[in-house]
Amino acid sequence: MSVQSKLLETAIDPEKRRKAFIIAGGGLTALVVAHWIALRKNDKSPHKLVKEDSVASDGTPKKNKKRAFDPHFLKQLKDLLKIMVPGIFSKETGIIGMHSIILICRTFLTIYVAQLEGSMVQAIVEKDVLQFVLHLMKWILVALPATFVNSMIRFFESYLGLAFRTRLTKHAYKQYFSDQTYYSVSNLDTRLQNADQCLTEDITMFSQSVAHLYSHLTKPVLDIALITYVQTVPLEEYFYFSFTLLKLAVQRGTGRSTFLPSCMAILAVSLTAKILKAVSPRFGHMVAEEARRKGHLRYLHSRIITNSEEIAFYGGHQAEYEQLNGAYNSLYQQMMLIFKKRIPYIMIEQFLMKYVWSGTGMVMIALPILAAEYADDEKSTKLEDLPDHGVSERTRGYATAKTLLFNSADAVERLMTSYKEITELAGYTGRVHEMFKVFDEAKKGIYQRQLVSGHVEGKRGEKFDTSKIEGIITDSESDEIVLTSVPIVTPNGDVVVRNMTLTITPGMHVLITGPNGCGKSSLFRILGGLWPVYRGHLEKPTSDRMYYIPQRPYMTLGTLRDQVIYPDTTIQMRRRGITDQDLMIMLKIVHLEHIVEREGGWDAKNDWMDVLSGGEKQRMGMARVFYHRPKYALLDECTSAVSIDVEGNIYQSIKDVGITLLTVTHRPSLWKFHTHLIQYDGEGGYKVSSLNEKTIGERMSYSEEKHQLERQLAEVPRWKERLQEVCQLLGDEDNLNMTLDTDESE
């Protein structure tokens, strides 16, 4: 040992050791009692009063007091950590282990560099050129592993964040695309306004925040632990820890000179923690709100891209500009609020951690050095007896202590500032956890939707309670569709049909009609499993026995072949024994065989939503019916842009291959391809009737008469205008006024 410390004397002497244990135990007991009294004081008010105080005067619940480690937040974080680190032998555990080893190496290098810098300063004061050059060479050589370790710390932090993001993203995608959850969260549930924002940016920010926080917390904890407990000393069959900073202070002075600096350090850190916790804004809530507004702004941009043609035709650029500008201003205000809240917080934080701590650190270093007496362990040589009166020894001690104290203070500062990062992490944690919660509940059929209230006269405005899903769905062994007391209800609660009881058998081609906006395609969404069955019993074939074609068919990214076989892949197509020649036959049926040569073959890739016209996309959707050969084809106005002759050929070909038609259409030319008619009245009722040549002929004549009367009524204003011109030419304006008055009275 170099200089005998009072700490070691206390460790050796049983009497002093007993007193030290008594003092330490008493201090710890006093701290626990004070903390317990403070908690009791906070909980002194009755529970009823707390509940009443949690409600504002306007009836809205008040925000709870900010707590960094809220139990709800910790539970959410624990649930997400189980996804990110699925097991002790997972890849993520290995990355965390390697990251921790690198951080430990960095701390040991910090200690070595601090001691080396102290020796360099001593060599300078003593004017020992040789020692200075040797220490300088060591300092330069240690820079090589130090820079490598620093680079590896950044690498493993980024790698850990990427690994966490990969785990969360894959888990989220698996849930999002199972049981049509992607449809449910967008159409049946209103809790996730921007699922794309949650799946991309929120997961990314959360993963990076967790990885950074792990490094930001682990590094200072290791610094404090290893700088404080840097070595063990065997003494009388025991191992006693010698504190690096405390040992260095005692070696420079006496035991009395170390008590006051230690108390000052504890007091400074404790007060800083209390003050920062008291003045810290609710960063978690503000960051979560910022993320929500970012998602809304991105959603508006995506709407403009999707509907750019319609907006251009309407000339709606000014309206869209105002919406975008308003959304951006809202985001700007939220970000400015966060920036402004950070100003006083950072001012207080910097004042306490830079200036108060620096002054405290100077006192901690100065007192032991000013009180130093001896230069060796045996206390045989005093510092004043050295040639330079102990200047070089004091300087070395000061330089080493300053570096170690700076690193320790920096570590404690990072722990303090991590409080703000934890509150921000709470915001991301809440959003990501809420996303997974919505996904899980949507898979179980639990939805929360903000219903749009409407005041419509009559029964048309009837609302259905969508909070309870009591319907039963079973698979049909005979491929029949049987509805027993099933209400047809939209997710918003609008009633299309109050109570439908219907049986559709294979070969029973059904046409569905009704007033505009009455929800004619609602039955298709229930049969497809998109909307829940709120009541009654539905028996239907499995999903692979039904195929739905909407009015605007979806064109996927990929080759021309992929457009016909969607959602199958080429490998699945080959397994089914279907060749490109078979696909060409299907395209010939829908009159699309020419696009194979026009687009450059089956393997041509393009943006098919833009390349194909509206009619071509609808015919491509009909070609998919021939590829999949379902038992039922659910056709929702899917040939409105196709000529009548081509449309007729397609429908007849579908019937010829044994596919049952369920069609929503306004074209009378398609009536002849169906055997039954379901007619909605728009008031919650419906009527089922048969279609044969006689009824179809009658309906065709009524339809022609309707169109003729509509054309004649459309000509009435022009006839009145001509009548007025003729009467003016004849000078018979009195008869004109009498005629117009008669028409108005009628």
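Since we're looking at a predicted model, the values are computed, not measured.

Take the overall build of the protein chain next. The helix and strand inventory of the protein chain stands at 24 helices and 14 strands. When burial is assessed residue by residue, the protein chain has 39% of its 746 residues classed as buried. Considering only contacts in the protein chain between residues 6 or more positions apart, those separated by 24 or more positions represent 75%. As displayed, the protein chain offers around 42800 Å² of accessible surface, 59% of which is attributable to carbon and sulfur atoms.

Of all hydrophobic cores here, the largest spans 41 residues; its most connected members are L80, L168, F206, V432, M435, F436 and F439. Contributions of two or more residues to this core are made by α4 (71-84), α5 (91-126), α6 (129-176), α8 (195-228) and α14 (391-443). The element that contributes the greatest number of residues to this core is α6, accounting for eleven residues. Other than its neighbours up to four places away in sequence, F206 contacts L77, L80, M84, L168, L425, Y428, T429 and V432.

The set of residues buried in helix α18 (residues 580-589) consists of D580, L583, M586 and L587. The arc enclosing the buried residues of α18, seen along the axis, measures out at 110°, which places them on a common side. Facing away from the buried side of α18, by more than 90 degrees, are the exposed residues Q581, I585 and K588. A positive backbone phi angle near 60° is found at H591, which sits one or two residues after α18.

Right, let's talk about unusual backbone geometry for a bit. For the bond running from Y566 to P567, omega is 5°, close enough to zero to count as cis. When you line up the elements, P567 lands in the loop between α16 (560-565) and α17 (570-575). The backbone phi angle of R629 is positive, close to 50°, even though this residue is not glycine. Note on placement: R629 falls in the loop between α21 (614-628) and β11 (632-636).

Our next topic: the packing of α21 against helix α22 (residues 644-656). Axis separation between α21 and α22 bottoms out at 11 Å; the angle between their running directions is 15°. Relative to α22, α21 is oriented roughly parallel. The hand of the α21/α22 crossing is left-handed. On α22, the residues that touch R619, M622, V625 and F626 of α21 are V646, I650, Y651, S653 and I654. Per-class residue counts for the contact of α21 with α22 are seven nonpolar, one polar and one charged.

Strand order in this open sheet of six strands is β8-β11-β12-β6-β13-β14, and the pairing throughout is mixed. The sheet is open, and its two borders are formed by β8 (546-549) and β14 (686-690), each paired with just one other strand. Neighbouring strand axes in the sheet, compared pairwise and without regard to direction, differ in orientation by 15° on average. Pairing of β8 with β11, which is carried by four bridges, proceeds in the parallel orientation. By the bridge assignment for β11, Y547 is matched with A633. Sheet strands in contact with α21 are β8 and β11, and its direction is about 170° off that of β8. Packing against the sheet, α22 makes contact with β11 and β12 (660-664), and its axis sits at approximately 145° to β12.

A few words on the pattern of salt bridges. Two side chains bearing opposite charge may form a pair once their charged atoms approach each other closely. For the structure on display, the rule yields 17 salt bridges. Among the ionic pairs, E201 bridges to R298, the shortest N-O distance being 3.2 Å. Taken together, the positions of E201 in helix α8 and R298 in helix α11 (residues 283-306) put the pair 97 residues apart, joining distant regions of the chain. Using a relative accessible area of 22% as the deciding quantity, one classes E201 as partly exposed. Overall, the relative accessible area of 34% leaves R298 in the partly exposed class.

Aromatic ring pairs: the centre-centre distance and the angle between the two ring planes describe each pair. According to the stated counting rule, one finds nine aromatic pairs in the structure shown. Both rings, one in Y651 and one in F673, keep their centres 5.9 Å apart while their planes meet at 35°; by these two values the pair is tilted. Here Y651 is found in helix α22, whereas its partner F673 is found in the loop between β12 and β13 (676-680), with 22 residues between them in sequence. The positively charged end of R576 is found above the aromatic ring belonging to Y627, 4.6 Å away from the centroid.

So, about the confidence of the model for the protein chain. On average, residues of the protein chain score 75 in pLDDT, and 70% of them reach the 70 mark or higher. Every residue in residues 1-12 scores below 50 in pLDDT, and together they form 31 contacts with partners more than four places removed in sequence or on other chains. Counting contacts from residues 41-66, a segment whose pLDDT is below 50, to residues more than four positions away or on other chains yields 17 contacts.

It is worth spelling out the side chain of R293 at this point. Along the chain, R293 falls in helix α11. By relative accessible area, R293 is classed as buried at 19%. Within the structure, R293 has its side chain in polar contact with the side chain of E289 (distance 2.8 Å). Setting aside chain neighbours within four positions, we find R293 in contact with S330, L331 and Q334.

Contact pair α5 / α6: the axes reach a minimum separation of 8 Å and the direction vectors enclose 160°. One finds that α5 runs roughly antiparallel with respect to α6. You can see that α5 and α6 cross each other, and the crossing is left-handed. A per-class count over the contact of α5 with α6 returns 26 nonpolar, five polar and seven charged.

Taking strand neighbours across the sheet as the criterion, the four strands line up as β3-β7-β4-β5 in an open arrangement whose pairing is mixed. Of all strands in the sheet, those bounded by a partner on one side alone are β3 (472-475) and β5 (495-504). Pairs of neighbouring strands in the sheet enclose a mean axial angle of 25°, with direction left out of account. By the bridge criterion, three bridges tie strand β4 (residues 481-489) to strand β7 (residues 537-540) in an arrangement that is antiparallel. Among the inter-strand pairings, L483 is bridged to a residue of β7, identified as L538.

Moving on, we come to the pairing of β14. Walk down a regular strand and you will see the side chains alternate between the two sheet faces. Of the pairings in the sheet, the one linking β13 to β14 comprises five bridges and is antiparallel in character. Residue pairing across strands places L677 opposite S689, the latter belonging to β14. In sequence, β13 turns back onto β14 through a hairpin of five residues, with G682 there showing a positive phi of about 80°.

Further remarks concern the UniProt feature "transmembrane region" (unreviewed entry) in the protein chain. Here the UniProt feature "transmembrane region" (unreviewed entry) sits at residues 20-39, 94-116 and 136-156. For the annotated span residues 94-116, helix accounts for 100% and strand for 0% of the residues, and the straight-line distance between the end C-alpha atoms is 33 Å. The distance from the first to the last C-alpha atom of residues 136-156 is 30 Å, and the span holds 100% helix and 0% strand.

Moving on, we get to a nonpolar patch on the surface. Taken together, V129, L130, V133, L134 and M137 make up a surface patch of nonpolar side chains, about 470 Å² in accessible area. As for its position among the elements, V129 is in helix α6. What makes V129 exposed here is its relative accessible area of 59%.

What follows is about the side chain of S476. Along the chain, the position of S476 falls in the loop between β3 and β4. S476 sits in the buried class, given a relative accessible area of 9%. Within the structure, the side chain of S476 is placed 3.0 Å from the backbone nitrogen of E480, a separation counted as a polar contact. Filtering out sequence-adjacent residues up to four positions away, S476 remains in contact with E539, K540 and P541.

So, how was this worked out
- Residues numbered from 1 in each chain as written.
- Predicted model: local features only at pLDDT ≥ 70, side-chain atom pairs only at ≥ 80, totals over all residues.
- Heavy atoms only, no water.
- Helix = DSSP H or I, 4+ residues; strand = E, 2+ residues; numbered from the N terminus.
- Buried < 20%, exposed > 50% of the residue type's maximum accessible area, 1.4 Å probe, protein only.
- Contact = heavy atoms within 4.5 Å.
- Areas by Shrake-Rupley, 256 points an atom, 1.4 Å probe, with all protein chains shown as cover.
- Core = buried A, V, L, I, M, F, W, Y, C linked by side-chain atoms within 4.5 Å.
- Arc of directions from axis to C-beta.
- Axes fitted to C-alpha atoms, helices over the stretch in contact; angles between N-to-C directions.
- Parallel < 35°, antiparallel > 145°, perpendicular 65-115°, else oblique.
- Left-handed = near helix turned anticlockwise from the far one by under 90°.
- Nonpolar A, V, L, I, M, F, W, Y, C, P; charged D, E, K, R; others polar.
- Pairing = 2+ DSSP bridges.
- Salt bridge = Lys/Arg side-chain N within 4 Å of Asp/Glu carboxyl O.
- Phe/Tyr/Trp six-rings, centres within 6.5 Å; stacked < 30°, edge-to-face > 60°.
- Lys NZ or Arg CZ within 6 Å of the ring centre and 35° of its normal.
- pLDDT = per-residue confidence, 0-100.
- Polar contact = N/O pair within 3.5 Å; in protein donor to acceptor, adjacent residues only side chain to side chain.
- UniProt positions renumbered as here; feature names shortened; annotations may be inferred.
- Patch = residues over 30% accessible without salt bridge, like charges linked within 9 Å, V, L, I, M, F, W, Y side chains within 5 Å.

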